[in-house]
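Structure at a glance
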Amino acid sequence: MAFPDPKTSPAGGIAFGNRAEILPGSPLPDLNSVGGAAYGAHIKGDAASDVMAILCNAGVMPRVDAVTSMRSVNHPSILRLLDSGVVHWPQDDTHYYAFAFQRPTAPRMVQHIDQPMLSMSEDAINHYFVFPLIGALVELARTGMVHNAIRPTNIFWRMGSATAPQLGECMSASAGFGQPALFEPIERAMSQPRGRGVGSHLDDCYALGVTIAMLVLGQNPLQGLDDEAIVNMKIDKGTFNALIGNRRISASHVELFRGLLSDDARQRWSPTDLEQWTHGRRLTPKNSDVGRRAARHIDFEGKEYWQVRPLAAAMAANVAAAAQMVESGGLDKWIRRALGDDDRAAALEEVKTDLKEEGGKITNYEDQLVTRCCIALDPQGPIRYRGLSLMPAGIADMLVDASLTGNHLQALSEIISNKLVTLWVEMQKDAKVELVPLAQQYERMSGIIEKSSLGNGVERVIYELNDGLPCLSPFLRAQYVMTAKNLLPALERVATSGNRPHEPMDRHIAAFLAVRDRRSDGAFSALSSQDGTKRASALLTLYSGLQNRYGPDALPGIGQWLSPLLEPLVHRFLGKALRDKLQNLLRETATRGDLTALSRLVDDPNRIEQDQQQFRAARMLYLNIMKEIAHLENKLAHRDAVIRNTGKPMAASLSSYLAIVFVMLAILRAIWQGISGSLMG
Amino acid sequence: MATAKTDKAPAAAAAPPKKKGGKIGFFLIVILFAMAAPFIMPTLTLVLVGIMPTFIWLIIDTDPQKSSTASIGAMNCAGLTPFIIDLWVKGQTMENAVHILREPNNWLVILGSAGIGQLIVFAVPPMMASLTLNQAEARLKILRHNLEQLKSSWGPDVATTKPLDKIIKGE
């Protein structure tokens, strides 16, 4: 069966989602996004629709798992998501995910974050910019959607106009991926861009605070600094001081910025607080010990450290020296005496003791020790392990990236198997209850990642943690398979492409099916077998089940792909005639593409049992014939014995019969003579 | 002595049991004939003289089954039967018996019938053996063909005792 070409409308649009069409001939470079290029688009049945599509072709996984939440967002200050789905892109014959958004009514607010901004009055800024965007944040909070991409370059607004600004799209790339460190709270800014994960609404409030600050100040106050310098400055001074400092701004804005730019998430204003602020209620941010400084510094690798956060970052960057400092007790003394934080010192002691109590040979002991100590020192900060720096929510996306690039996969696996996320959650103070499900999820993942069988391992963890992730099997990447239903049609396309691997199965496909199709481990245990027949049988059972449930009815490409793998199953049959017949039927059924019929053909237990019974009977017959042959050969080799045992008794019998006849004749003769003598007499 | 006894015991056990009934029957016949001798002496004389060829063959026959003796004896007896009937018809006297024995033609019949028995002994066993062996060869051919058919239908493993799972795995 040949699969149809991508649905192309007369206008040259390619359909995707439920009713959207992307126009490959209408690129919109001004609207390009972090996750991919923008194109003109329209909605079927609505010719006047002003739509743009983002084609996610930048190699970053889109936020497919957030589509439902985003579809429910309905606010004039947020670009409306109209549709989404997989689209076949003819230029490179590859399938991509695409989003159809309402096209922005204004250009980007600025093209880059260092671009100077128009000077505006406080009232104008509040009325035309801040209030609509606060409304947008409230709407996002209502729908449970975290934007994670609020920045001036992703806001569409003609500066100074009375038209409300619009938040740009946040779906084409993983959360926080394209967000400069300037717009991320310190702990997320210290993480790698792909390791930030979906944040909270408070992170959106922080990003909005930075954006408003830039507009109020008319420029980027940290212009020219790289991300590391920005983070260090935020840690050193606090975000408010780093951005606003001694600059002259109105009292209401000072209050707003103190609320939004608080480095302690517990003290930061939420969308609800912002809404209250717009109604005139005044909130006073509390003090926080996030940037707490020690009474005296600690020397580490030739540098002086006064705060735990930069120290933790420096320790993670120099594991050997950090481990030595921890083991020597120098760090503990500094925390107790100079920082005066007995709780933190106790936490440090606890992680050290726990690691030692684990017993056995601990892999990468120093890395683990330093990571655990860093978590104890900076609980809100990222997990720093073997060159990685990521928030627990970012592990899922980092795993995807690692799986695609092959980088850091082992380190990420160790983070999960060593239960560093559980430790991170345990170290949190106020938010601990909310994070329990996260800890439980990663506890379960640590069990899965230890299993090496097909359908388990790190691949399964990737799909367990990423709901909307397509199958990452190397030969299915261009197909963008998102559901178990789409797997067989995609494999069929691969099968007919002529560039197919030996088996239509690998660790990613198995893990994908285990998660997306909720298949039990038992369905995959046989697939891990070294026995080719068991593996082929399990593969056929799996795919015939999928075809049975989801179709399509004919999969000739997969049938012919599986055909050589099923040969060993046919060779299980011992009768040559049956085998020849089955082989012919196998070829015929494979060409027809009916996997269920193929399964019935080669994997029928009754037929197998009957064949084996007949073989046993044939073997018995063979044995009996051999015995008879031996007997006959023995007879032929001993002619004398035949004469003696058969010939002579036969001669005796013959003589006896003849003798009886002669005796009878003699008696009859005598009787006859007697009768005739009487008659004569 | 004890050793000798123990050696003999298994040998005795292994030996086939002797036919006691045979000896008893033989002695009964001898006693019966001895008792009847005064009444059937002419017949007895004719029979004992007439079956001399059988007695001679019995002595020279080395076959334990005595099949040849049985063949010759049966025919010898058949040849003698008309003369015994004659003796009984003409009167059972020693004179008639001697008369019969003195007739050369009678000897021709008696010895000729024994000769036919001898001829059967010489001719029939080889003929029977050839027939039997020819049949065996024909059967052997059919059986070998059947073996080949089994092998072609089920493969060479049908001739082995290899476990099925190993055959299936191709080991």
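From a predicted model like this one, the values you see are computed outputs, not experimental measurements.

Basis of the calculations
- Residues numbered from 1 in each chain as written.
- Chains lettered and ligands numbered in written order.
- Predicted model: local features only at pLDDT ≥ 70, side-chain atom pairs only at ≥ 80, totals over all residues.
- Heavy atoms only, no water.
- Helix = DSSP H or I, 4+ residues; strand = E, 2+ residues; numbered from the N terminus.
- Buried < 20%, exposed > 50% of the residue type's maximum accessible area, 1.4 Å probe, protein only.
- Areas by Shrake-Rupley, 256 points an atom, 1.4 Å probe, with all protein chains shown as cover.
- Domains from an automatic or database assignment.
- Contact = heavy atoms within 4.5 Å.
- Pairing = 2+ DSSP bridges.
- Disulfide = S-S within 2.5 Å.
- Core = buried A, V, L, I, M, F, W, Y, C linked by side-chain atoms within 4.5 Å.
- Buried area = accessible area lost by both parts, 1.4 Å probe.
- Salt bridge = Lys/Arg side-chain N within 4 Å of Asp/Glu carboxyl O.
- Polar contact = N/O pair within 3.5 Å; in protein donor to acceptor, adjacent residues only side chain to side chain.
- Arc of directions from axis to C-beta.
- Axes fitted to C-alpha atoms, helices over the stretch in contact; angles between N-to-C directions.
- Phe/Tyr/Trp six-rings, centres within 6.5 Å; stacked < 30°, edge-to-face > 60°.
- Lys NZ or Arg CZ within 6 Å of the ring centre and 35° of its normal.
- Parallel < 35°, antiparallel > 145°, perpendicular 65-115°, else oblique.
- Left-handed = near helix turned anticlockwise from the far one by under 90°.

1. What about the overall build of chain B?
The helix and strand tally for chain B stands at 7 helices and 0 strands. Put simply, chain B has 171 residues, and 35% of those count as buried. About 11,100 Å² of surface is accessible on chain B, with carbon and sulfur atoms providing 71% of the total.

2. Some remarks on the domain arrangement of chain A
As assigned here, chain A comprises domain 1 (14-102), domain 2 (122-278), domain 3 (292-379) and domain 4 (641-681). Distance between the C-alpha centres of domain 1 of chain A and domain 3 of chain A: 47 Å.

3. So, the side chain of E187 of chain A
Here E187 of chain A lies in helix α3 (residues 186-189). Ignoring any residue separated from it by four or fewer positions in sequence, one finds E187 of chain A in contact with D263, R268, R309, Q380, G381, P382 and M391 of chain A.

4. Structural notes on the pairing of strand β4 (residues 46-55) of chain A
Residues and elements named next belong to chain A. Relative to β4, strand β3 (residues 37-43) runs antiparallel, the two being bridged by 6 bridges. Paired with A37 across the strands is L55, a residue of β4. The antiparallel hairpin formed by β3 and β4 contains 2 residues in its connecting segment, where G45 sits at a positive phi of about 80°.

5. Here we look at the state of the cysteines
Residues and elements named next belong to chain A. One pass over the structure, following the stated rule, counts 0 disulfides over all chains. No disulfide involves C205; its nearest neighbouring cysteine sulfur is the one of C170, lying 15 Å away. On the accessibility criterion, C205 (0% relative accessible area) is buried.

6. Focus on the nonpolar core
By size, the foremost hydrophobic cluster in this structure holds 182 residues, and its most contacted members are M315, L331 and Y543 of chain A. In this view, M315 of chain A contacts F300, A322, M325, V326, L331, V370, C373, C374 and L377 of chain A; residues no more than four positions away in its chain are not counted.

7. Remarks on the interface of chain B and chain A
Many structure descriptions define interface size as the accessible area lost when the parts assemble. Across the boundary between the two partners, chain B contributes 46 residues, which contact 46 residues of chain A. Of the roughly 4,100 Å² buried where chain B meets chain A, counting both sides, 74% is carbon and sulfur surface. In this structure, the connection of chain B to chain A is made through 2 salt bridges. Linking chain B with chain A are 10 residue pairs in polar contact (both at pLDDT 80 or more).

8. Quick notes on helix α5 (residues 227-237) of chain A
All names here are of chain A. Along α5, the residues classified as buried are I230, V231, K234 and I235. Within α5, the buried residues cover an arc of 130° as seen down the axis, which keeps them to one side. Turning to α5, the residues buried within the fold contact α3, α4 (201-217), α6 (239-243) and α9 (308-317). Just downstream of α5, G238 is the residue with a positive phi angle, here 90°.

9. Focus: the sheet that holds strand β2 (residues 20-27) of chain A
Residues and elements named next belong to chain A. Reading across from one edge, β1-β2-β3-β4-β6-β5 is the order of the 6 strands in this open sheet, with antiparallel pairing throughout. A single partner strand is all that each edge strand has here, and the edge strands are β1 (14-16) and β5 (81-89). Here the average twist between neighbouring strands, direction ignored, is 40°.

10. Concerning the environment of P126 of chain B
Tracing the sequence through the fold places P126 of chain B in helix α6 (residues 104-154). Sequence spacing of P126 of chain B and K141 of chain B is 15 residues, and the spatial spacing of their C-alpha atoms is 22 Å. The residues touching P126 of chain B, leaving out its near neighbours within four places in the chain, are R639 and I643 of chain A.

11. Quick word on unusual backbone geometry
Residues and elements named next belong to chain A. A cis amide bond links G551 with the next residue in sequence, P552, at an omega value of -5°. You will see that H408, though not glycine, has its phi angle at about 65°, which is positive. Accessibility expressed as a relative area gives 39% for H408, which makes it partly exposed. You will see that R518, though not glycine, has its phi angle at about 50°, which is positive.

12. With respect to the packing of aromatic side chains
How two aromatic rings sit relative to each other is given by the distance of their centres and the angle of their planes. Residues and elements named next belong to chain A. Taken as a whole and assessed by the stated rule, the structure comprises 10 aromatic pairs over all chains. What links up through ring pairs into an aromatic cluster is the set Y97, F99, F101 and Y480. Between R194 and the ring centre of F177, over which it is positioned, the NZ or CZ distance is 5.7 Å. Its guanidinium or amino end placed over the ring of F240, R258 lies 4.2 Å from that ring's centre, counting from NZ or CZ.

13. Here's the deal with the packing of helix α14 (residues 395-405) of chain A against helix α15 (residues 409-417) of chain A
All names here are of chain A. Two numbers describe how α14 lies on α15: the axes approach to 9 Å, and their chain directions differ by 150°. When the axes of α14 and α15 are compared, the pair comes out roughly antiparallel. Classified by chirality, the crossing of α15 by α14 is left-handed. Across the interface between the two elements, I395, M398, L399, A402 and S403 from α14 touch L409, L412, I415 and I416 from α15.

14. Thoughts on the pairing of β2 of chain A
Where a strand is regular, its side chains alternate between the two sheet faces. All names here are of chain A. Strand direction decides the pairing type here: β1 and β2, joined by 3 bridges, are antiparallel. Within β2, the residue paired with I14 across the bridge is I22. Counted along the chain from β1 to the antiparallel partner β2, the turn is 3 residues long, and its residue G17 has a positive phi close to 60°. With 5 bridges joining them, β2 and β3 adopt antiparallel strand pairing. Pairing of E21 across the sheet is with H42, part of β3.

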